[in-house]
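Inside the fold
As a plain string of letters, each chain reads:
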Amino acid sequence: MVIIGKIVYLYVSHTKQTTQAKEDRLRRLYRRQLDGLSARALVYDHAEKEQVSIPTAWRDWRDVKALVDEDWKEDRENMLARLQHMRTKLFHQALKKGQLQTASQVLDSIGRVIGESTEVVNIQAPDLTIKIENKDD
């Protein structure tokens, strides 16, 4: 820190500034990748907005991808339970509103998750045969 008159100058090391700037860029790119653009579109947009070169933007994208992969690994354990809860809630809402087709699709989805396949359902379903005979008088 250098004091000249009433002005105080703080010096921050170049390495710390560079690291902080990169972390800020990565944070912004991480938020932007949630918009659903393709990787190439994100990288080019990132390079333009952050005023960095294309190779730097691709390096930033690799770092963000690593963060996303890390997030998925951590969330994966909770994801199945959360999805099942949302499916169950959707099923009850569909029934309440009389949306039987939606309720049926949600039940099929829940069944697939717990390992119920279409073949098992078809095998276990009863066989119904309808025969119409002429009326003899």
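A brief report on the enclosed structure follows. The structure displayed is predicted, hence computed values, not measured ones.

Right, let's talk about the pattern of salt bridges for a bit. A complete count under the given rule lists seven salt bridges for this structure. Where D63 meets K22, a salt bridge forms, and the shortest distance between an N and an O atom there is 3.0 Å. Note that D63 is positioned in helix α3 (residues 54–96) and K22 in helix α1 (residues 14–32), a separation of 41 residues in sequence. Across the pair D24 and R27 runs a salt bridge whose closest N-O atoms are separated by 2.9 Å.

As a further point, take the nonpolar core. Formed by L26, L29, L42, V43, A47, A57, W61, V64 and V68, the largest nonpolar core amounts to nine residues. Elements supplying a minimum of two residues to this core: α1, α2 (39–50) and α3. Among the elements that make up this core, the one with the highest residue count is α3 (four residues). Residue contacts for W61: discarding those within four places in its chain leaves L29, Q33, A39, L42 and V43. A94, A103, V106 and I110 belong to the second-largest nonpolar core, a separate cluster that totals five residues.

What follows deals with the packing of α2 against α3. How two helices pack is summed up by the angle between their axes together with the distance between the axes. Closest axis-to-axis distance for the α2/α3 pair is 9 Å, and the angle between their directions is 125°. The angle between α2 and α3 falls in the class oblique. In this structure, α2 crosses over α3, and the sense of that crossing is right-handed. Here A39, R40, L42, V43, Y44, H46 and A47 of α2 lie close against α3, whose contacting residues are I54, A57, W58, D60 and W61. Each residue belonging to the contact of α2 with α3 can be placed in one class, and the counts come to nine nonpolar, one polar and two charged.

Rules behind the numbers
- Residues numbered from 1 in each chain as written.
- Predicted model: local features only at pLDDT ≥ 70, side-chain atom pairs only at ≥ 80, totals over all residues.
- Heavy atoms only, no water.
- Salt bridge = Lys/Arg side-chain N within 4 Å of Asp/Glu carboxyl O.
- Helix = DSSP H or I, 4+ residues; strand = E, 2+ residues; numbered from the N terminus.
- Core = buried A, V, L, I, M, F, W, Y, C linked by side-chain atoms within 4.5 Å.
- Buried < 20%, exposed > 50% of the residue type's maximum accessible area, 1.4 Å probe, protein only.
- Contact = heavy atoms within 4.5 Å.
- Axes fitted to C-alpha atoms, helices over the stretch in contact; angles between N-to-C directions.
- Parallel < 35°, antiparallel > 145°, perpendicular 65-115°, else oblique.
- Left-handed = near helix turned anticlockwise from the far one by under 90°.
- Nonpolar A, V, L, I, M, F, W, Y, C, P; charged D, E, K, R; others polar.

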